[in-house]
Amino acid sequence: MLYALMCEDIPDSLPLRKEARPAHLERLKLLQAEGRLVLAGPFPAVESDDPGAAGFTGSLIVAEFESLDAAQHWADQDPYSLAGVYARVVIKPFKQVFPL
């Protein structure tokens, strides 16, 4: 089943994000290689693809996991979680309707 991982950053998370980003991206690439990643990306703090020093307020990941527990375990082991980037992560089952 698909799950949406809605991740909210701590204030001023940009330095932690920069440090953990390579490992975070590698982990997402593994999900993609397994055909389980639907989409992933950050929420810019300002209306810009490159928010610069404003940084990001969180991330959204939609991916396939065996269960809610498996999605939670994956989120708990994410480099951004381990580095303290996220203040909280909400995970919900997700039903993709579009695109077909």
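What comes next is a walk through the structure. Quantities reported herein were computed from a predicted structural model and do not represent experimental measurements.

Let's shift gears to the overall build of the protein chain. Scanning the protein chain from terminus to terminus reveals 3 helices and 4 strands. Sequence-ordered secondary structure for the protein chain, helices as α and strands as β, is β-α-β-β-α-α-β. On C-alpha atoms alone, the protein chain measures out to a radius of gyration of 13 Å, which is about the 13 Å that the 2.2 N^0.38 rule sets for 100 residues. A burial count over the protein chain gives 31% of its 100 residues as buried. Of the contacts made within the protein chain by residues no fewer than 6 positions apart, 73% connect residues no fewer than 24 positions apart. When the accessible surface of the protein chain is split by element, carbon and sulfur atoms take 56% of a total near 6400 Å². Here the protein chain carries 9 positive and 14 negative side-chain charges, and the mean point of each set is 3 Å from the other.

Quick look at helix α1 (residues 14-33) now. When the terminal C-alpha atoms of α1 are compared, their 27 Å separation across 20 residues agrees well with the 28 Å that a helix rising 1.5 Å per residue should span. Taken as a whole, α1 carries its principal kink of about 55° at A20; the proline P22 stands between one and four residues after it. Residues of α1 that are buried make contact with β1 (2-9), β2 (37-44), β3 (56-64), α2 (68-76), α3 (79-83) and β4 (86-94). One or two positions beyond α1, positive phi appears at G35, with a value near 75°.

Ranked by internal contacts, the top residues of the largest apolar core, which has 16 residues, are Y3, L5, L31, I61, F65, W74 and I91. Secondary structure elements with two or more residues in this core: β1, α1, β3, α2 and β4.

Looking at where L68 falls in the secondary structure, it is placed in helix α2. Measuring from C-alpha to C-alpha, the distance between L68 and K92 comes to 7.6 Å, with 24 residues separating the pair along the chain. When neighbours within four sequence positions are excluded, L68 is seen to be in contact with Y3 and I91.

Basis of the calculations
Each residue is numbered by its place in its chain's sequence as written, counting from 1. Local features are withheld for residues below a pLDDT of 70 in this predicted model, meaning they are given only at 70 or higher, and side-chain atom pairs are given and counted only at 80 or more; totals for whole chains, interfaces and linings count all residues. Side-chain calculation: all heavy atoms of the structure are included, whereas hydrogens and water are not. Secondary structure follows DSSP: runs of H or I at least 4 residues long count as helices, runs of E at least 2 residues long count as strands, and numbering of each begins at the N terminus. Computation of the radius of gyration draws on C-alpha atoms alone. For the globule rule, the value is 2.2 Å times the number of residues to the power 0.38. Three labels apply to residues, based on accessible area from a 1.4 Å probe with only protein chains included: buried if under 20% of the type maximum, exposed if over 50%, partly exposed otherwise in between. Residue contacts are counted whenever heavy atoms from the two residues lie within 4.5 Å of one another. To be clear on the numbers: accessible area is Shrake-Rupley with a 1.4 Å probe, and residue cover counts the displayed protein chains and nothing else. Under the convention used here, Asp and Glu are negative, Lys and Arg are positive, and both His and the chain ends fall outside the count. Charged side chains are reduced to one point each, which is NZ for Lys, CZ for Arg, CG for Asp and CD for Glu. Multiply 1.5 Å by the residue count of a helix minus one, and that product is the helix's expected span. Bending is quantified residue by residue as the angle between axes fitted to the seven-residue window ending at that residue and the seven-residue window starting at it. Nonpolar cores are built from buried Ala, Val, Leu, Ile, Met, Phe, Trp, Tyr and Cys residues. Side-chain atoms within 4.5 Å join them into one set.

Without other data, these values stay purely geometric and don't point to any function.
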